[in-house]
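Summary of the model geometry
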Amino acid sequence: MPVPAAAASMRGTEAAGPRLAARRLGRVLDGRRRRAALLLLALAYAAAMLMLATGGGEELGAGVVVEAAPPAPPAPPGSVYRSHLVFERLLPEMRAFASRPNPLMTSHHIKIGKQWKPCISKRLTESELTSSNGFLVVEANGGLNQQRISICDAIAVARILNATLVTPAFHLNSVWRDSSKFGDIFDEDHFIEFLRKHVRIVKELPEDVFRRFGHNISTIPNMRTKAFSPPSYYLQQVLPKMLELGAVRIAPFSNRLAHSVPSDVQKLRCLANYEALRFSESIRILAENMVGRMIKRSSLAGGKYVSVHLRFEEDMVAFSCCTYDGDSKENNAMENARERSWRGKFHRPGRVINPEANRRNGRCPLTPLEVGMMLRGMGFDNTTSLYVASGKIYNAEKYMTPLRQLFPLLQTKQTLATSKELALFKGHSSRLAALDYTICLHSEVFVMTQGSNFPHFLMGHRRYIYGGHAKTIKPDKSKLVQLFDNPNIRWDQFKHNMQDMRRHSETKGFGLRKPQESIYNLPMPDCMCQQAEI
């Protein structure tokens, strides 16, 4: 290269160097600015999220403004327990209200020209019992009326199998905790004698059979049976094993026979439940005395009284997974009760507990306060004699006070009987339930507050002894909770809704059983005959 040209090239290179360096420095500075800007944005976003979480909404510097999230939509009507607010609003008018005429003195509707009477003994044909195919051993689980189902169904299954029934053993339930035997609750001799022409019943296995199983009932093969099994299952699966071994065991046995069975088996169920199965002498004597006392104390209503089955015990409230106060004390008490009786059941994977939905859907037990408001709205004033059948009420001092305010003539087992009379029954929930059952059976009006075997059996029994119809109040709780959710409701509006509900309940008191319904709740037409009114 010529020297002048080379020199010019070198000068150009020297001149370009500072420019290149400046451009490189500019790119570095731009990169740093961008990273700083990104860092500032990230910090601003984090600060905004923190402000949202803590309820803030002010400016966060650099022009960033974060708005508070919109409030959650209100829960649908009936989701939250607000009955105490309705009670406070309506109490002055409820106290001033007096019903005329008294609902206890008004007759219920019976269809003209139709009268139903028990007729099982006339309908059930007697036939000579053939040689027994073996022994049936069952275990009745649950409370008093679940035990009744087991006993009556066991009679039916023994008939199907042509077996000899050993009087059912009672399972010591973790909830009921009652160690009573069959003879402690029911009249065992009467039960065996009354049914002897239809089914063989013995109090215990004969010695030779018992020896065969090592004098241990638990070694008898247990035929685990699905709920509501048809007669064909017993003939095809249980009978061959019975013929082979001489005895079979079914535990647990509650609800192990289908509702729909042959007519003669159905009638035998009726006979067992309504005629053969009566309470033991100690229960009958005290219960009849308590009914007499209740009638005597109901003189203002001509000896008539209202009975309420109140399911507001701690275990029932816990099992329902409903919320009332909703404070930490209640939540802890309910969680402890659930773990004590149903360990782990409510924490299984996939189990979702939704107290608000439970309440809206009418699955929550009515509180004593709610029962009191409902009955006052239905027309029962403070001169009404009220019998409350229940176990130990949850937080009784708080929840029972409003009910006693509305019904000062309220009675319970503890007020109708002396502590000495109740001493024999202390610690035995099924025997205490038998007292409640008898007093409710003879009431003019029966009020159920939560579905269970107690009202199921009682409603059927009352239909049986009262010509197919008995005054029963079965509230629509999904409608009730919406009324109880309105603290501004007027008394006349509330009363109108309650009286409509009572009329609807009474029209439902009469009913004929359909094939898949329970005979223990609807004894017509299987257990009763229709006769022309005299």
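The notes below deal with the structure included here. Computed from a predicted model, the values in this text were never measured in an experiment.

Take the overall build of the chain next. Within the chain one finds 21 helices and twelve strands. Buried positions account for 47% of the 534 residues belonging to the chain. A separation of at least 24 residues holds for 79% of the contacts in the chain among residues at least 6 apart in sequence. Split by element, the accessible area of the chain, about 27,000 Å² in all, is 55% carbon and sulfur.

In total, this model carries 19 salt bridges according to the counting rule given. Across the salt bridge formed by Asp492 and Arg490, the nearest N and O atoms sit 3.3 Å from each other.

As a further point, take unusual backbone geometry. Following Ala251, the chain continues into Pro252 via a peptide bond in cis, with omega recorded as 0 degrees. A cis amide bond, omega 5 degrees, links Met524 with the succeeding residue Pro525. The phi torsion at Asn255 lies on the positive side, around 60 degrees, for a residue other than glycine. Assignment of secondary structure puts Asn255 in the loop between β6 (247–250) and α9 (263–276). For Cys321, which is not glycine, the phi torsion reads 60 degrees and is therefore positive. Tracing the backbone shows Cys321 in the loop between α11 (314–320) and α12 (328–341).

Pairing is parallel across the open sheet formed by five strands, whose spatial order is β9-β8-β7-β10-β11. Each edge of the open sheet carries a strand with a single partner, namely β9 (410–411) and β11 (471–473). For strand β7 (residues 306–309) and strand β8 (residues 386–389), the ladder comprises four bridges, and the chain directions are parallel. In the sheet register, Ser307 faces β8, and the bridge partner there is Tyr387.

The subject of this paragraph is helix α18 (residues 429–441). Turn by turn, an α-helix covers 3.6 residues, leaving residues three or four places apart pointing in a common direction. In this model α18 runs 18 Å from its N-terminal to its C-terminal C-alpha over 13 residues, within 8% of the 18 Å that 1.5 Å per residue would give. Burial in α18 covers these residues: Ser430, Arg431, Ala433, Ala434, Leu435, Asp436, Tyr437, Thr438, Ile439, Cys440 and Leu441.

The next point concerns α9. Across its 14 residues, α9 extends 18 Å between first and last C-alpha, which sits within 8% of the 20 Å expected from 1.5 Å per residue. Within α9, eleven of the 14 residues are buried, leaving the element largely enclosed by the surrounding structure. Val265, Gln266, Lys267, Leu268, Arg269, Cys270, Leu271, Ala272, Asn273, Tyr274 and Ala276 are the residues of α9 that are buried. Its buried side turned inward, α9 meets α3 (120–123), α4 (144–161), α6 (188–194) and α19 (453–465).

Moving on, we come to the pairing of strand β2 (residues 135–140). Of all six residues that make up β2, five are buried, and the element is covered over most of its length. In terms of strand pairing, β2 meets strand β3 (residues 164–166) through two bridges, oriented parallel. The residue bridging Leu136 from the neighbouring strand is Leu165, located in β3. This β-α-β element, β2 to α4 to β3, shows right-handed connectivity. Bridging between β2 and β6 involves four bridges; their strand directions are parallel. Residue pairing in the sheet places Val138 in a bridge with Ile250 of β6. Pairing geometry for β2 and strand β4 (residues 169–170), over two bridges, is parallel. Its bridge partner being in β4, Ala140 is matched across the sheet by Phe170.

Our next topic: the side chain of Ser180. For Ser180, the position within the fold is in the loop between β4 and α5 (182–185). A residue is classified by how much of its surface remains accessible, and Ser180, at 3% relative accessible area, is buried. A distance of 3.4 Å separates polar atoms of two side chains, one belonging to Ser180 and the other to His428. There is a polar contact of 2.8 Å between the side chain of Ser180 and the side chain of Arg431. Residues within four places of Ser180 in sequence aside, it is in contact with Phe170, Ile185, His428 and Arg431.

The next point concerns the nonpolar core. Counting residues in hydrophobic clusters, the biggest one holds 79 residues, and the most contacted among them are Leu136, Ile155, Phe186, Phe191, Leu195, Tyr234 and Tyr387. When residues of this core are assigned to their parent elements, the largest contribution, eleven residues, is made by α4. When residues are assigned to domains, this core turns out to be shared by domain 1 (82–115 + 281–530) and domain 2 (123–275), each giving three or more. Contacts of Leu195, omitting those with residues within four sequence positions, involve Ile155, Ile201, Leu268, Leu271, Ala272 and Ala276. Of all hydrophobic cores here, the second largest spans 52 residues; its members include Leu90, Phe312, Ile489 and Met501.

Under the definition given, this model contains 20 aromatic pairs. On the numbers, 5.2 Å between centres and 85 degrees between planes, the contact of Phe312 with Tyr324 is edge-to-face. With Phe312 in the loop between β7 and α11 and Tyr324 in the loop between α11 and α12, the pair connects residues that are twelve residues apart, well separated along the chain. Comparing Phe312 with Tyr324, the two get one shared label, buried. Look at Phe312 and Tyr399: their rings are 4.9 Å apart centre to centre, the planes differ by 70 degrees, and that puts the pair in the edge-to-face class. Within this pair, whereas Phe312 is found in the loop between β7 and α11, its partner Tyr399 is found in helix α15 (residues 396–406), the two being separated by 87 residues in sequence.

Our focus in this paragraph is the state of the cysteines. Scanning all chains against the criterion turns up three disulfides. Disulfide pairing is shown between Cys270 and Cys527; the S-S distance is 1.8 Å. On the sign convention where negative means left-handed, the S-S torsion of about -55 degrees between Cys270 and Cys527 marks this disulfide as left-handed. Of this pair, Cys270 sits in helix α9 while Cys527 sits in the loop between α21 (491–507) and β12 (528–531); the two residues are 257 residues apart in sequence, bridging distant segments of the chain. You can call Cys270 buried: its relative accessible area is 1%. Residue Cys527 is classed as buried on the basis of its relative accessible area of 0%. Each sulfur of the disulfide joining Cys322 and Cys364 lies 2.0 Å from the other.

Calculation notes
- Residues numbered from 1 in each chain as written.
- Predicted model: local features only at pLDDT ≥ 70, side-chain atom pairs only at ≥ 80, totals over all residues.
- Heavy atoms only, no water.
- Helix = DSSP H or I, 4+ residues; strand = E, 2+ residues; numbered from the N terminus.
- Buried < 20%, exposed > 50% of the residue type's maximum accessible area, 1.4 Å probe, protein only.
- Contact = heavy atoms within 4.5 Å.
- Areas by Shrake-Rupley, 256 points an atom, 1.4 Å probe, with all protein chains shown as cover.
- Salt bridge = Lys/Arg side-chain N within 4 Å of Asp/Glu carboxyl O.
- Pairing = 2+ DSSP bridges.
- Expected span 1.5 Å × (residues − 1).
- Right-handed = clockwise from strand over helix to strand, strands pointing away.
- Polar contact = N/O pair within 3.5 Å; in protein donor to acceptor, adjacent residues only side chain to side chain.
- Core = buried A, V, L, I, M, F, W, Y, C linked by side-chain atoms within 4.5 Å.
- Domains from an automatic or database assignment.
- Phe/Tyr/Trp six-rings, centres within 6.5 Å; stacked < 30°, edge-to-face > 60°.
- Disulfide = S-S within 2.5 Å.

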